[in-house]
Amino acid sequence: MPTAEALEQRIAELRAQVRRAAGSGDRSSARRLRAELRTAEAEWDATVLGTPEPAEPPRQSPAAVPVREHVHRSLNLLSVPAAPKLVLAVHEAFFSGELVAARLTSLRRDEERSFRAAPYSRPYYICAAMTTDLLAPARGLLAVSTWPLAQRMVGPLSPRADLLTAAIRLARHMTDHGNTPAGQRVLWQLAVSIPGATDGVAIDPDVVLAAAERELEVHRDDDTQQRAEAAERAARQLADPAAQLFGVRLAVADRRRNEA
């Protein structure tokens, strides 16, 4: 192994050569010489300081992006109320960052507490979809507070209409941004119940898009009307802004429905 003095001389020579190469515009030579310089410096460290001890693995830093933001991105891609399981699948297929399923359990409840403590202090809230008949929170469905009230309503035809809409949105996204295996798995889960969307073996976003749009035409008008009527009733009956985002207790909803 070269002595420390020889390595120091070699390092000095290499530094001078790097400066000359960079000054003359010969970047290729400068990069090659810089790599040799790093090797010589590592050898000097090993000779003078000894072999370093293995570094401790870096501690995992907390997620840089809040859970609510991950959910917000997935819901906006779908554009319809969705269950946490679908939100999680869409996030894993189309977005980066870690989203733990357990964190979704209390998210809507936490968002409601935050809204009631300081209304409208955030640009958006992850809120509840609401049933068209009782104006109560639809079980297990998340929505975004900035969506129109009608978009957050769920009526008898809405589950099917929303599945078709979600399939259309994902198919268009995959056509525009790339068809990945993860995206195909999520789209398959939605498309398998759509007549003509798959051949049982492969899945094509364009085929899914056309099949979903055909069936959605059958349900769209009636579903849109039911949602619009419920949204108008909710705006009229629910004076509490929090109730318009997170729904009302069933007892209250029943009483108001009877009064209406």
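So, a few notes on the structure that sits alongside this text. The residue numbering used here restarts from 1 in each chain and proceeds along that chain's sequence as written. Residue-level local features of this predicted model are given only where pLDDT is at least 70; pairs of side-chain atoms are given and counted only at 80 or more, and the full residue set underlies all totals for whole chains, interfaces and linings. The basis for every side-chain value is the complete set of heavy atoms in the structure, and neither hydrogens nor water enter the calculation.

### Overview of unusual backbone geometry
Selection criterion: A run of H or I in DSSP counts as a helix once it spans at least four residues, and a run of E counts as a strand once it spans at least two, with each numbered from the N terminus.
Unlike most non-glycine residues, Tyr-120 shows phi in positive territory, near 60°. Position of Tyr-120 relative to the elements: it lies in the loop between α5 (107-117) and β1 (126-131). You will see that Leu-135, though not glycine, has its phi angle at about 55°, which is positive. Along the chain, the position of Leu-135 falls in the loop between β1 and β2 (137-144).

### Some words on helix α8 (residues 205-237)
Going by this rule: Multiplying 1.5 Å by the helix residue count minus one yields the expected span of that helix. The bend at a residue is defined as the angle formed between two axes, one fitted to the seven residues ending at that residue and one fitted to the seven starting there.
Helix length check: α8, at 33 residues, gives a terminal C-alpha distance of 42 Å against a target of 48 Å (1.5 Å per residue), a shortfall beyond 12%. At His-219, α8 shows its largest kink, close to 45°.

### Thoughts on the sheet that holds β2
Rules: DSSP bridges decide pairing: two strands pair if at least two such bridges lie between them. It only takes one pair of heavy atoms within 4.5 Å for two residues to be counted as in contact. Here an angle of 0 to 180 degrees is reported between the N-to-C directions of two axes, which are lines fitted to C-alpha atoms, with helices fitted over the stretch in contact.
The sheet built from 3 strands is open, its strands ordered β2-β1-β3 with mixed pairing. Looking at strand neighbours, the two that pair on one side only are β2 and β3 (153-154), the edges of this open sheet. Sheet topology places β1 next to β3; 2 bridges connect them, and they run parallel. Following the sheet pairing, Thr-131 is matched in β3 by Val-154. Against the sheet, α5 contacts β1 and β2, and its axis sits at roughly 105° relative to β1.

### What about the packing of aromatic side chains?
For the record, the criterion: We call Phe, Tyr and Trp rings a pair once their centres come within 6.5 Å, taking the six-membered ring for Trp, and we label the pair stacked below 30 degrees between planes, edge-to-face above 60, and tilted otherwise. Working definition: with a 1.4 Å probe on protein chains only, accessible area under 20% of the residue-type maximum means buried, over 50% means exposed, and in between means partly exposed.
Per the stated rule, a full pass over the model turns up 3 aromatic pairs. Taking 4.9 Å as the distance between ring centres and 85° as the angle between the ring planes, the aromatic pair formed by Phe-115 and Tyr-120 counts as edge-to-face. The exposed category is assigned to Tyr-120, whose relative accessible area is 57%. Centre to centre, the rings of Phe-115 and Tyr-125 are 5.2 Å apart; their planes meet at 85°, and the pair counts as edge-to-face. Of this pair, Phe-115 sits in helix α5 while Tyr-125 sits in the loop between α5 and β1; the two residues are 10 residues apart in sequence, bridging distant segments of the chain. Note on accessibility: Phe-115 and Tyr-125 belong to one class, buried.

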